Amino acid sequence: MSPSAEYKTLDLHDQTFLDSNEMVLNMGPQHPSTHGVLRVILKLDGEKVLGTECVIGYLHRGVEKIAENRTYVQFNPYVDRMDYVAAVSNGLGYCESVEKLINVEAPPRAQFLRVILAELNRLASHMVWLGTHALDIGAITPLFYTFRDREEVLKIFEKYCGARLTTHAFRIGGCIYEAYDGFEKDVLKYCDFLEPKIDEYESLLTGNRIWVQRTKGVGILNAADCKALGVTGPVLRAAGVKWDLRKAQPYAAYDQVEFDIPTAQNGDTFDRYIVRIQEMRQSVRILRQAVDKLPAGPTMAKVPKVLKPPVGRIYHSIEAPKGELGYFIVSDGSTQPYRVRVRPPSFVNLQALDKMVRGALIADVVAVIGTLDIVLGEVDR
Amino acid sequence: MPDEKSELDKSPQQANNGLAGDPDKAPEKTVNAAPATAASPTPPPPPVAPKPAPAAAKPAAPAAPPKPAPIAWESPLVASLKQQYGSGIREAAIYLKDKYLVVDKSIVFDVLTRMRDDETFDYCVDVTAVHWPKREEQFDVVYILYSFAKNERVRIETMIKDGEKVRSAFSLWPTADWLEREVFDMYGIEFTGHPGLKRILLPEGWTGYPLRKDYGIRQQDQAWIKANIGIESGQ
């Protein structure tokens, strides 16, 4: 057998494997710790997990089919509904992909606005993750803190484009909205506001004995497993792989700002927590530079209103808060995309769940689902 | 600036009106007349519509992007693959910085194996498909690979007929498990050697493959909905 056999998930419809000590437990789809509608079937020996099977698709809306029946511009708002806690990143990936297809580049000011909004969104996404993840493990307070602070990000979004979550902030060719008066000041004020708050989250959790015991050594995924399973984002970096698409293949204006890629070594739940916290600090650092360097000029490139990309196909991906978010677009020369394939980070990362929880306890499954930072809207599309 | 844009917007409609004759807008008609006459036998002119428009709007603007075309991809990797497989490598090109190979279905697994083992493409980014109902080989199966060592991405495509099977890439990259299940779910393409090929996003027992072009956007498996949800239709 190939080494891949160890990644094979269980076929739980085959009930013959059960001996007297084993049982099958259904978790979800309506379970608070599954962050949406994820159903996990667990095969257990007492409290020990022997294997899992994920049942997904409850939120399937056929986004890729819809794309084939809309024009390139009309499809733009739909992508916000996939990863709805990081809508800006979705929009950024889609707009950049179509721009690549029509060979247009957004003007420098738009590139920096994109970086600012995408990083604010990364902060918002990580704060949702931290709050809910800590809540799953039993610490209630961080949820209140993070949602309070995330609110300020959403206020900036609302002032910028009128929407809080599904922002549709970008258009193909740049940003349709100019930054409002005081935008830069708001962002800088938020940076100053947030930095002590991150310290506060850390003072609640990093040294907390319960937190450490619940997360250290739990859900270990090493670098080789990450690569084999296609896992990207903070999960990969926590396993010691210094890889971030913002550095590896820079897009927008990420090549003009300085930041580090935080990594950790053990690849356990605690390390992923540390990596994401460090990423938040790096985001603040990027925000300060981007605001400082924000050039003047137009925010939209010249894009024909009737968009007919030449025949061809491209793949473009960005570093979304959860990992590599890619779009594979096939154009047949008409106004509608012939095929839009979304490569969702949550979907691929969720595949690692089985590997991570084998041999662990049921309570760890909850911790691992939280640490993978999945959004079911993106898993199911 | 806004005026120019609205002109851009109008140009396709005006091209139609041009035949009826609209004497009010003589200067613009000279611009639009060319596409109008060219469009009458309806060839597929994707670049024609956007191309003359920016030129008419503002000649000094750096826009008017040159029409991109695939250029031949030449590298030691491609050379050695061509030497080994000959005409099995149907195309090796770069389009808008995307490197891709189109290979024959008989050797696709070998090429993938080689990419992983010899060329350090250790991360399978995506497996997907595209449906072309009018072609004899109806489906493109697309693999997107990435090499951490080289920081390079390559797309490998192959074409298969309806009903033909592809060897699963699960033994090379376990991540292909769910990705191939999704392709099976949406296109009905079967992968041999897959550890558990079944639907993933749609419920088991659903009939039809939604991302095929002949599957309508409002189409549903009415019988399944009636039996499992107990309503006439979801619409």
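Nothing here was measured: the structure is a model prediction, and the numbers come from that model. (Residues numbered from 1 in each chain as written. Chains lettered and ligands numbered in written order. Predicted model: local features only at pLDDT ≥ 70, side-chain atom pairs only at ≥ 80, totals over all residues.)

## Structural notes on helix α6 (residues 183-205) of chain A
Residues and elements named next belong to chain A. Counted at 1.5 Å a residue, the expected span for α6 with its 23 residues is 33 Å, and the 32 Å between its end C-alpha atoms agrees. The largest bend in α6 comes to about 25°, at leucine 194, with the proline proline 196 one to four residues further on. Listing the buried residues of α6 in full gives Val187, Leu194, Ile198, Tyr201 and Leu205. Looking at the buried residues of α6, the elements they touch are α4 (108-137), α5 (141-161), α7 (209-215) and α11 (269-293). (Helix = DSSP H or I, 4+ residues; strand = E, 2+ residues; numbered from the N terminus. Expected span 1.5 Å × (residues − 1). Bend = angle between axes of the 7 residues up to and from the residue. Buried ≥ 20, exposed ≤ 12 C-beta atoms within 10 Å, placed from the backbone. Contact = placed C-beta atoms within 7 Å.)

## Side note on the domain arrangement of chain A
Residue and element names in this part refer to chain A. The assigned domain composition of chain A is domain 1 (3-55) and domain 2 (63-344 + 361-380). Just the C-alpha atoms count here: the centres of domain 1 and domain 2 sit 30 Å apart. Listed per partner, the contact involves 12 residues of domain 1 and 13 residues of domain 2. Secondary structure elements with two or more residues in the side of domain 1 that touches domain 2: β2 (39-45) and β3 (48-55). (Domains from an automatic or database assignment.)

## Details of the nonpolar core
With 156 residues, the main nonpolar core has A:Val115 and B:Leu145 as its most contacted residues. No other element matches the 16 residues that α4(A) contributes to this core. For A:Val115, the residues in contact, after removing those within four places along its chain, are A:Ala252, A:Ala253, A:Tyr254, A:Val257, A:Ile286 and A:Ala290. (Core = buried A, V, L, I, M, F, W, Y, C linked by C-beta atoms within 7 Å.)

## Some points on the sheet that holds β2(A)
All names here are of chain A. Taken together, the three strands give an open sheet; going across it, the order is β1-β2-β3, and neighbouring strands pair in antiparallel fashion. At either end of the open sheet lies a strand with only one pairing partner, and these are β1 (22-27) and β3. Pairwise comparison of adjacent strand axes, ignoring direction, gives a mean angle of 20° for this sheet. Here β1 pairs with β2 via six bridges, running antiparallel. Paired with methionine 27 across the bridge in β2 is valine 40. (Pairing = 2+ DSSP bridges. Axes fitted to C-alpha atoms, helices over the stretch in contact; angles between N-to-C directions.)

## Focus: the sheet that holds strand β3 (residues 98-103) of chain B
Residue and element names in this part refer to chain B. Ordered by their spatial adjacency, six strands build an open sheet running β1-β2-β3-β6-β5-β4, and the pairing between neighbours is mixed. Each edge of the sheet is formed by a strand with only one pairing partner; in this case those strands are β1 (71-72) and β4 (123-131). Sheet analysis places strand β5 (residues 139-147) next to strand β6 (residues 152-160), joined by nine bridges and oriented antiparallel. Among the inter-strand pairings, leucine 145 is bridged to a residue of β6, identified as valine 154. Together, β3, β5 and β6 form the strand contacts of helix α5 (residues 108-117), whose direction differs from that of β6 by roughly 170°. Of the strands in this sheet, β4 and β5 touch helix α6 (residues 176-187), which is tilted by about 5° from β4.

## Some words on the packing of α5(A) against α6(A)
A pair of packed helices is characterised by two quantities: the angle between their axes and the separation of those axes. Residue and element names in this part refer to chain A. Two elements in contact, α5 and α6, have axes whose closest approach is 11 Å; the angle formed by their N-to-C orientations is 170°. With respect to α6, the axis of α5 lies roughly antiparallel. Across the interface between the two elements, Thr141, Pro142, Tyr145, Thr146, Asp149, Glu152, Ile156 and Tyr160 from α5 touch Phe183, Asp186, Val187, Tyr190, Phe193, Leu194, Lys197, Glu200, Tyr201, Leu204 and Leu205 from α6. Residue composition of the contact of α5 with α6, by class: 12 nonpolar, two polar and five charged. (Parallel < 35°, antiparallel > 145°, perpendicular 65-115°, else oblique. Nonpolar A, V, L, I, M, F, W, Y, C, P; charged D, E, K, R; others polar.)

## Re the packing of α4(A) against helix α14 (residues 362-372) of chain A
Residues and elements named next belong to chain A. For the pair α4 and α14, the least separation of the axes is 9 Å and the interaxial angle reads 175°. As summarised for this structure, α4 and α14 are arranged roughly antiparallel, according to the angle between their axes. For the pair α4 and α14, the contacting residues are Thr132, His133, Asp136 and Ile137 in the first and Val366, Ala367, Gly370 and Thr371 in the second. Its residues assigned to classes, the contact of α4 with α14 shows three nonpolar, four polar and one charged.

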